[in-house]
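# Reading the structure
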Amino acid sequence: MGQGHALPFAGHGPAPQEGYNQKRMFQISSSSPVYDVVIIGSGAGGGTVTKVLADLGVSMALLEAGPPLDPAKDFKEHMWPYQVSHRGIGKGGQGYFGPTPWDFGYFTASFGGWKLAGEPYTVNPGDKFSWFRSRVVGGRTNHYGRISLRFADYDFAPYTRDGLGTDWPITYDELAPYYDKAERFIGVTGSKEGIRSAPDGIFQPCPPPRVPEMLFQRAAKKLNIPCIPARLAVITQPTNGRPPCHYCGQCGRGCIASSNYSSSQVQVFPAMKTGRVKLFTNAMARELITDSSGKVSAVSYIDKATRTEKQIRCRSVVVACGACESARLLLNSKSPAHPNGLANGSGHVGRNLTDSVGYGLDAHIPALDGLPRHNSDGMGGMHLYVPWWLWDSKNKEFPRGYHIEIGGGFDMPGIGSFHGDCERHEGYGKDLKAAIRNEYGAWFGMAGRGEQIPNENTFCELDPDVVDQYGTPVLRFHFKWTDQELKQAGHMYDTFRSLLETMGGKVTTPRPNFMAGEGISDGGEIIHELGTVRMGSDPSKSVLNKYCQAHEVKNLFVADAAPFVSNPDKNPTLTIIALAWRTAEYLAEEMRKGNV
Amino acid sequence: MSEVTRRDLLRRIALSITAGQLSLEAAQHVHGVAAQEKAAQGVYKPKGLNAHEYKTLEKLADYIVPVEGTTGGAVAAGAPEWIDLMASENPQLLAIYTGGIAWLDHAMQRRGAPNFVDATAAQQSAMLDLIAYRKNESAELGPGIKFFDWARKMVVDAYYTSAIGIKDIGYMGNTALSKFEVPQEAIDYALKRSPV
């Protein structure tokens, strides 16, 4: 089973028991047929490659580290809090005392969290990094925010523009046809605006703004800040047999009707109907095995149900485990020919890690007190957003930019919804109830999501001392913001405060000392971690070529956010899909030509 | 609402979407079913608190979210049952309630009442008017203020996550719509009051 069992046991677990090595000796069986393609991971990247290849007539195996998914059974869409005995707070009210087992709440479709039992990761002392992993078919796409933003033309040439970071090996124009395909297929709301920082795409109509969003839009206009219809992967028209959104606001719980994008429902399940996809669930890839020619000949994985190690043979492999997990797999694929991990002659696997800069602020908006009641659920997320508006400004104190996400309306009450009211108003009885009723739906929040520039102190590597419960070495994260990001977060606070005050809001949060590291999100917290297996034209500074094919291993491709060269102020999922689509078409063509 | 009923609701949503007709009274139906199920359960027997403690919790819940006109309060919404259930599963939470209620009874005795639940309404509200506010923080009242903070937030949580509380606050969603629209009345109301 490779080198895993030779390592000392995890610092996170109990001391090694007697017979420990014997217990962990996996039987390796590799009697499988040879698949043309093995795809590892069924999230946005793996799901896209699966669907595109299936439509092109390619047969494949798809490995997913988590269990299968049955949306009708597993999604908690339309459940009321009183339908579960603990109402969402966890057994014994555990959420009152600390974290629950559900980091995003009992009702979400996240199927994972910041910590997974038996699968630790470590963080360099003094650094802060959190890693959200969803182990299930569809991965994080079952619950994610559905925000679908194209990168701008200038985002592909950041170094040329301001001398920081690295340029991509592709241009906007090269990726644009795949943005078109992605948007047409998954369905994205929006409107043509002609804003350079937010390129227009193929859009379905966006529902109208909610009342608080209308007030926000007027405040933004007054401050010369653009505020446009949201671009969400939610369909508002029938699309490829999927019914349009029914506006219950519960995208995060998973949509049983599949009216939003999830790779599970929109790509993997339809692809399986072609009969060309063999899905392996609870199959945790451990190592890529290479043959004497240096190509990947098999994928070694842990079959979690039997705790045995198995191999599946392949002619090519697409790694789509999620950026950090993909880097981990390559780093763990060591052999005498690849002592630093597979495809890692450049030493860049695990490097160039970034997350989005995050900061949020909210306030009570008195104009909304006592707002006449109506159903404001809408799509599961904002109906308007603010694209970056200072992209051509020369007077900023920081490079790059951020977009603003907004939130307000009559949310379904849950445990904790009115703790703030109890704190502020105290008392009891009819007065407390009247205050709660008056301020319900009268709060407005905004969150900035900005660009982090890769820096040499932010990366992941294998922890030399720790393995997971399957004996596989785990990742150790290093994460540092620089002044560029800290100043950007400060700009967010100032902007949000003036927007909220223009709406008549009373901001009670004092300005954090951003330059001392206060206020800004922790690394990984925004769950836009990427860049760890980056593409580039120079093999000494990148791992993949412009088609996300490894420079050093011709039948190895990466299809998630690991290939990203920069992390612009746009949520990564739409670009993951577009890039994976392009990679899948290239792979199919190379297979047809006999090159792979 | 049972799991079967929810599935039924979802199936009807799916069907109505397919049929292109999305008048869903299904969500309203949910409330009715929940009420029926509660009625069928009969009288609740405390699992964590003893009979006296439970009676005290009911009284506190009634003070925190009382009946208003025809709208049921926290007791009708099942807040005491829910708190008792949570406490029965968690010794730390149980201790907050048994300790808090004992403190309350003791504090009432020092003010000449037999305990909290058997005190006069005037005595009860006099005490609550002290422990419901942080400004009254003192060496004597500290534990009572902390306890009431727990009771208040949990009663409020239980109330507004019940069918009665959800209806009372006026949440009208968790249903299926064929079109998302914002009533003009709400827009006019907000714009008239807004500085922008």
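Residues numbered from 1 in each chain as written. Chains lettered and ligands numbered in written order. Predicted model: local features only at pLDDT ≥ 70, side-chain atom pairs only at ≥ 80, totals over all residues. Heavy atoms only, no water.

## Overview of helix α8 (residues 323-332) of chain A
Of all the ten residues making up α8(A), ten are buried; the element is thus mostly covered by neighbouring parts of the structure. Considered for burial, the residues of α8(A) that qualify are A:A323, A:C324, A:E325, A:S326, A:A327, A:R328, A:L329, A:L330, A:L331 and A:N332. (Buried < 20%, exposed > 50% of the residue type's maximum accessible area, 1.4 Å probe, protein only. Helix = DSSP H or I, 4+ residues; strand = E, 2+ residues; numbered from the N terminus.)

## Side note on the pattern of salt bridges
Residues and elements named next belong to chain A. In this structure the tally under the stated criterion is 41 salt bridges over all chains. The closest approach of N and O atoms between E119 and R135, which form a salt bridge, is 2.7 Å. One end of the pair, E119, is in the loop between β4 (112-113) and β5 (122-123); the other, R135, is in the loop between β6 (133-134) and α4 (158-162), with 16 residues separating them in the sequence. The pair E119 / R135 is uniform in exposure class, with both members buried. (Salt bridge = Lys/Arg side-chain N within 4 Å of Asp/Glu carboxyl O.)

## Here's the deal with empty space enclosed by the protein
All names here are of chain A. A full pass over the atoms with the stated rule returns three cavities of 30 Å³ or more. Taken together, 15 residues make up the lining of the largest cavity; nearest its centre are C245, C248, C251, C255 and N260. The residue makeup of the lining of the largest cavity, split by class, is seven nonpolar, seven polar and one charged. Considered as a void within the structure, the second largest cavity measures approximately 50 Å³ in volume. In this structure, the second largest cavity is lined by S148, L149, R150, E183, A198, P199, F203, R231, Y385 and K570. In terms of residue class, the lining of the second largest cavity is built from five nonpolar, one polar and four charged. (1 Å grid on protein atoms, 1.4 Å probe; cavity = no way out; pocket = protein on both sides within 12 Å on 5 of 7 lines; lining within 4 Å. Points joined across faces, edges and corners; volume = space filled by probe spheres on them. Nonpolar A, V, L, I, M, F, W, Y, C, P; charged D, E, K, R; others polar.)

## Looking at the interface of chain B and chain A
Of the residues lining the interface, 74 residues belong to chain B; the matching set on chain A comes to 79 residues. In total, about 6500 Å² of surface goes out of reach between chain B and chain A, with carbon and sulfur atoms giving 63% of it. Its largest share of buried area at the contact with chain A, chain B owes to B:N174, B:F180 and B:V196, together 12% of the area lost on that side. Remark: the boundary between chain B and chain A carries five salt bridges. (Contact = heavy atoms within 4.5 Å. Buried area = accessible area lost by both parts, 1.4 Å probe.)

## Some points on the confidence of the model for chain B
Averaged over chain B, the pLDDT score is 87; the fraction of residues at 70 or greater is 79%. In this model residues 1-7 of chain B is a low-confidence stretch, pLDDT under 50, and it forms 22 contacts with partners more than four residues away in sequence or in other chains. (pLDDT = per-residue confidence, 0-100.)

## Section: the packing of helix α3 (residues 51-64) of chain B against helix α6 (residues 121-131) of chain B
The description of two helices packed together rests on the angle between their axes and the distance between the axes. Residues and elements named next belong to chain B. Close contact between α3 and α6 brings their axes to 12 Å; oriented N to C, the two are set at 70°. Here α3 lies roughly perpendicular to α6, going by the angle between them. Contact with α3, carried on its side by K59, L60 and Y63, involves A121, Q124, S125 and L128 of α6 and no other residues of that element. Grouping the amino acids of the contact of α3 with α6 by side-chain chemistry returns four nonpolar, two polar and one charged. (Axes fitted to C-alpha atoms, helices over the stretch in contact; angles between N-to-C directions. Parallel < 35°, antiparallel > 145°, perpendicular 65-115°, else oblique.)

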